[in-house]
There are 2 protein chains.
Amino acid sequence: MCESMKNAKIRLCVTQDLSDAQTIPLERDQAHYLFGVMRRKAGEFVLLFNGRDGEYLAEITDAGKRRGVLTCVKQTKPQTMPPDVWLLFAPVKKAPTAFIVEKSVELGAAKICPVSTRYTNSDRIRQDRMQAQALEAAEQCGATYVPEVDKLVKLEAMLANWPDDRQLVFCDESLAGAAETLTAQKGVEKWAILIGPEGGFSDSERDHLNTLPFVTKISLGPRILRADTAAAAALALWQSTLGDWL
Amino acid sequence: MCESMKNAKIRLCVTQDLSDAQTIPLERDQAHYLFGVMRRKAGEFVLLFNGRDGEYLAEITDAGKRRGVLTCVKQTKPQTMPPDVWLLFAPVKKAPTAFIVEKSVELGAAKICPVSTRYTNSDRIRQDRMQAQALEAAEQCGATYVPEVDKLVKLEAMLANWPDDRQLVFCDESLAGAAETLTAQKGVEKWAILIGPEGGFSDSERDHLNTLPFVTKISLGPRILRADTAAAAALALWQSTLGDWL
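About the criteria used
Residues numbered from 1 in each chain as written. Chains lettered and ligands numbered in written order. Predicted model: local features only at pLDDT ≥ 70, side-chain atom pairs only at ≥ 80, totals over all residues. Heavy atoms only, no water. Phe/Tyr/Trp six-rings, centres within 6.5 Å; stacked < 30°, edge-to-face > 60°. Helix = DSSP H or I, 4+ residues; strand = E, 2+ residues; numbered from the N terminus. Lys NZ or Arg CZ within 6 Å of the ring centre and 35° of its normal. Domains from an automatic or database assignment. Contact = heavy atoms within 4.5 Å. Buried area = accessible area lost by both parts, 1.4 Å probe. Salt bridge = Lys/Arg side-chain N within 4 Å of Asp/Glu carboxyl O. Polar contact = N/O pair within 3.5 Å; in protein donor to acceptor, adjacent residues only side chain to side chain. Nonpolar A, V, L, I, M, F, W, Y, C, P; charged D, E, K, R; others polar. pLDDT = per-residue confidence, 0-100. Buried < 20%, exposed > 50% of the residue type's maximum accessible area, 1.4 Å probe, protein only.

Asker: Whenever I open this one, the packing of aromatic side chains confuses me. Can you help?
Answerer: Within this structure, the stated rule accounts for seven aromatic pairs over all chains. Between the aromatic rings of Trp162 of chain B and Phe214 of chain B, the centroid separation amounts to 5.4 Å while the plane-to-plane angle is 15 degrees, which identifies the pairing as stacked. Of this pair, Trp162 of chain B sits in the loop between helix H5 (155–160) and strand E10 (166–171) while Phe214 of chain B is found in the loop between helix H6 (203–211) and strand E12 (215–218), placing the two residues 52 residues apart along the sequence. By way of ring pairs, the aromatic residues Trp86, Trp162 and Phe214 of chain A are connected into one cluster. Just above the ring of Trp86 of chain A sits the side chain of Lys111 of chain A; from NZ or CZ to the centre is 4.5 Å.

Right, here's the structure in full:
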């Protein structure tokens, strides 16, 4: 078993329930990936998770060309949900957006929320593609959940309907010395982080954000960060101060 | 002047000294970029820095096909050196390496040090290409210096000759609960951050690092980070705790 576990490097996110001895019929795409692309064979092992039941070691008990069956052997990780922090970001070009999604999953965002702002570079997103990127990142990084990628909404609308019990960290690139410090706030367990678009926030967006009672303004230093760098940096700071890196 | 400054979005790193009214003859490549690619014309403005004299607004006073002259108008930023933190990382594939270089500059590393480890994916680097990527990132992010990209050295050799007065932050992905906290250490102003290769450190590398008196072990959370994510996250933590984000 020990040797098999070492070799069980492929991790798959599945929709079915996982429990000891549970059998998992594979979907066509999964079977193709596992047997066609990755050349795995019956008797070999993979790791499975579904966002609810933790991670399971599973044996390939049937391997066909376009179908297959896995059988759960035992749980290898308990289910762990990420801390409740959303990442709000203005979608940028294709590659940086993919990067932001991947990094958000690795750095433990609970939900990924594309928002459109005054200077947002694009008004449409490929939500399905971003969700697939999130799933792939979760398979890679050993997480037992896949953060949901929300549909694109206007920042304005999102702020107008902001939940009472959630704090928002506003990464303001124009801050000079006026930054607040991220600290635990009594009774607050729900957070979100807002990263601006490449063109920055408009003056009126910034003014509006500064009046909101649930906003904490932080600085990400004296250099101008790209949106993807800012997302990774802000999530790392949050996780190390308030999240699951403690 | 105010209008010109707004439009002066192009930033160039030059080798010449910068001071009021100083004229800067452009190199062939710079002239081609500025006039051929970016279509700038005499009378327009650019921003210049050289790593020593801060940032200057300069007017294009002569624009030829393969040559040109800029004339410094006034200093727009003082010279600011980054905090003294090196980023040591094991070169990975081409795209992640470019990303690590870019992010290191944005996040304020003073020097970028490629190191080869037991499980390093590549044994050669394109130092010239990485240095060019660092320069481009500095032009983009508003920094007034370009971190040097060092030549590739063996991690072993680097540790054997480690300077007495420099602390090393070791980002150990295998840490479970044994992490130390990044805190200021009396009299220590020189730091470095070590990021492992995609395959992780070998057991003997890890054991060796753990015996070194100048090493602080930190954790980057419960998920497995890609090398580029780890570099960005660790630099962000360092800058917000000990660097110039305070």
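Asker: Just checking my understanding: could you explain the domain arrangement of chain A for this structure?
Answerer: Quite often, the size of an interface is put as the accessible area lost when its parts meet. Residue and element names in this part refer to chain A. Looking at the assigned domains, one finds that chain A contains domain 1 (2–77) and domain 2 (85–241). Inter-centroid distance (C-alpha atoms) of domain 1 to domain 2 is 33 Å. Domain 1 puts nine residues into the contact, and the matching count from domain 2 is eight residues. In total, about 620 Å² of surface goes out of reach between domain 1 and domain 2, with carbon and sulfur atoms giving 60% of it. In terms of surface lost to domain 2, no three residues of domain 1 exceed Arg11, Cys13 and Phe49, which account for 67% of the buried area on that side. Linking domain 1 with domain 2 are zero salt bridges, by the criterion used here. Joining domain 1 to domain 2, the criterion identifies seven residue pairs in polar contact (both at pLDDT 80 or more). Sort the elements by how many residues they give to the side of domain 1 that touches domain 2 and strand E1 (residues 11–13) lands first, with three residues.

Asker: Looking at this structure, how should I read the interface of chain B and chain A?
Answerer: The interface of chain B with chain A comprises 29 residues on the first partner and 29 residues on the second. Approximately 2400 Å² of surface area, both sides summed, lies buried where chain B meets chain A, with 57% of it carried by carbon and sulfur atoms. Viewed at the interface, chain A and chain B are joined by eight salt bridges. Across the pair Asp244 of chain A and Arg223 of chain B runs a salt bridge whose closest N-O atoms are separated by 3.0 Å. In this assembly, chain B and chain A are joined by 18 residue pairs in polar contact (both at pLDDT 80 or more). Looking at the side of chain B that touches chain A, the elements with two or more residues in it are helix H3 (94–106), helix H4 (127–141) and helix H7 (227–241) of chain B. Here the element with the most residues in the side of chain B that touches chain A is H7 of chain B; it accounts for eight residues. Of the residues that constitute the side of chain B that touches chain A, the class distribution is 15 nonpolar, seven polar and seven charged.

Asker: Explain the confidence of the model for chain A here, please?
Answerer: Detailed reading of the predicted coordinates is not advisable wherever pLDDT falls low. Summarising the model, chain A shows a mean pLDDT of 90, and 94% of its residues fall at 70 or more. Complex prediction metrics read pTM 0.90 and ipTM 0.89.

Asker: What is the right way to read the pattern of salt bridges from this model?
Answerer: Note on pairing: side chains with opposite charge can pair once their charged atoms come close. A full pass over the atoms with the stated rule returns 32 salt bridges over all chains. Here Glu106 of chain A and Arg226 of chain B are joined by a salt bridge, their closest N and O atoms 3.8 Å apart. On the criterion of chain membership, the pair formed by Glu106 of chain A in helix H3 (residues 94–106) and Arg226 of chain B in the loop between E12 and H7 is interchain, its members lying in two chains. On the basis of relative accessibility, which here comes to 2%, the residue Glu106 of chain A falls in the buried class. Classification of Arg226 of chain B by relative accessible area gives partly exposed; the value is 29%. Of the charged contacts, one joins Lys111 of chain B and Asp150 of chain B as a salt bridge, the two residues approaching to 3.5 Å between their closest N and O atoms. You can see Lys111 of chain B sitting in strand E7 (residues 111–116) and its partner Asp150 of chain B sitting in the loop between strand E8 (148–149) and strand E9 (153–154), a full 39 residues away along the chain. For Lys111 of chain B, a relative accessible area of 18% corresponds to the buried category. Sharing partners across several salt bridges, the network here consists of Glu102, Lys103 and Glu106 of chain A together with Arg226 and Asp228 of chain B.

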